[in-house]
Amino acid sequence: MEVYNPTSFEADIGSCPKEWESGPITLDMIDRIICHYVPSNEKGKITMNKLEQLYEGKAKKVFSTEDPDVVIVSYKDDATAFDGLKKGTITGKGAINNQMTNFLMQQLEKAGVPTHFVEELSERETAVKKVSIVPLEVIVRNVSAGSFAKHYGVEEGIVFDAPTIEFSYKNDDLHDPLINDYHAVALHLATWEEIDQIKKYAFQVNDFLKAELLACGVTLVDFKLEFGKTADGTIVLADEISPDTCRFWDAKTGEKLDKDRFRRDLGNVEGAYQEMSKRLMGK
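First things first, this report covers the structure right here in the doc. Remember, it's a predicted structure, so these values are computed and weren't measured experimentally. (Residues numbered from 1 in each chain as written. Predicted model: local features only at pLDDT ≥ 70, side-chain atom pairs only at ≥ 80, totals over all residues. Heavy atoms only, no water.)

1. Let's talk about the overall build of the chain
What the chain contains, in helices and strands, is eight helices and 16 strands. Put simply, the chain has 283 residues, and 45% of those count as buried. When contacts within the chain are restricted to residue pairs at least 6 apart in sequence, those whose partners lie at least 24 apart make up 53%. Here the chain displays about 15200 Å² of accessible surface, and carbon together with sulfur accounts for 53% of that area. (Helix = DSSP H or I, 4+ residues; strand = E, 2+ residues; numbered from the N terminus. Buried < 20%, exposed > 50% of the residue type's maximum accessible area, 1.4 Å probe, protein only. Contact = heavy atoms within 4.5 Å. Areas by Shrake-Rupley, 256 points an atom, 1.4 Å probe, with all protein chains shown as cover.)

If you want it as structure tokens, here you go:
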């Protein structure tokens, strides 16, 4: 097998350590090359540059990178409710949502749920796998609240015997209408196999989050997930898991610790996000 001569690096490096001239490159030498020449913002983290802005939504911006399979998500403090009719700012929520999402997705990966997470780059920015979003919002409910209570004429706070799952067609022009499995397949939004996989992952996420949050004194009322497909068609959990996309109630008092404080003008919105960050991540 041909061994690369380390002294051939001299044109780029300028000079090589003397020990490199005596034999083949070792793993230690490779590590030293990487540490010296690969840009990094801290040990073990590769710097990725934001290039073209690909998308801007209500809560996030997405940028391309040098890697066609990786994009950077940048979280904003902007807040909206009621299909964009109410707008405002929740100071610090972008940083909290980014870090909470990453914290939970890394644990979900270990629990067997594949996600788009690659690496947290800063308190507000994360590198993720580039995916094609399945245009279905997946809502899992453990307790009656929000639109469920309104649509079906029941009070909030009814604990279900088993979690429910529903889909909304992710379409701003149509105001994200509810849609069933058959409609989703008929409209070619997903295949039956993909829907089954999404349901499986959604209930896995629910089981994990319920236990994780209960240990923090929080009831997981309901939450919204989005899934995407990687270049090879693999379904992965995407978007975020945060007080923006979940209903968190204090397990003892029922105090709302999520975006409902903004929606319903309950006050102390920033405090609720900070409390969830403290309980779940200790910061």
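Now that the structure is up, let's keep going.
2. Describing the side chain of Ser 277
Its location among the elements puts Ser 277 in helix H8 (residues 269–281). A residue is classified by how much of its surface remains accessible, and Ser 277, at 5% relative accessible area, is buried. At 2.5 Å, the side chain of Ser 277 and the backbone oxygen of Lys 283 are in polar contact. The residues touching Ser 277, leaving out its near neighbours within four places in the chain, are Ile 96, Met 100, Gly 282 and Lys 283. (Polar contact = N/O pair within 3.5 Å; in protein donor to acceptor, adjacent residues only side chain to side chain.)

3. Observations regarding the packing of helix H3 (residues 93–110) against helix H6 (residues 192–214)
Helix packing for two helices is described by the angle between their axes and how far apart those axes are. It is at 11 Å that the axes of H3 and H6 come closest, and there the two elements cross at 120 degrees. It follows that H3 is oblique to H6 by the angle criterion. Between H3 and H6 the crossing geometry is right-handed. Facing H3, whose interface residues are Phe 103, Leu 104, Gln 107 and Leu 108, H6 presents Val 205, Phe 208, Leu 209 and Glu 212. The residue inventory of the contact of H3 with H6, partitioned by class, reads six nonpolar, one polar and one charged. (Axes fitted to C-alpha atoms, helices over the stretch in contact; angles between N-to-C directions. Parallel < 35°, antiparallel > 145°, perpendicular 65-115°, else oblique. Left-handed = near helix turned anticlockwise from the far one by under 90°. Nonpolar A, V, L, I, M, F, W, Y, C, P; charged D, E, K, R; others polar.)

4. A short note on the packing of aromatic side chains
Tallied over the full model, the rule gives four aromatic pairs. Taken together, the ring pairs in this structure connect Phe 148, Tyr 152 and Phe 160 into an aromatic cluster. Above the ring of Phe 262, the side-chain terminus of Lys 86 is found at 4.7 Å from the ring centroid. (Phe/Tyr/Trp six-rings, centres within 6.5 Å; stacked < 30°, edge-to-face > 60°. Lys NZ or Arg CZ within 6 Å of the ring centre and 35° of its normal.)

5. Side note on the pattern of salt bridges
All chains considered together, the criterion is met by 22 salt bridges. The residue Asp 260 makes a salt bridge to Arg 263 at a minimum N-O spacing of 2.6 Å. Residue Asp 260 and its partner Arg 263 are both found in helix H7 (residues 260–263); the two are separated by three residues, about one turn of the helix. Looking at Asp 260, the relative accessible area reads 1%, which means it is buried. (Salt bridge = Lys/Arg side-chain N within 4 Å of Asp/Glu carboxyl O.)

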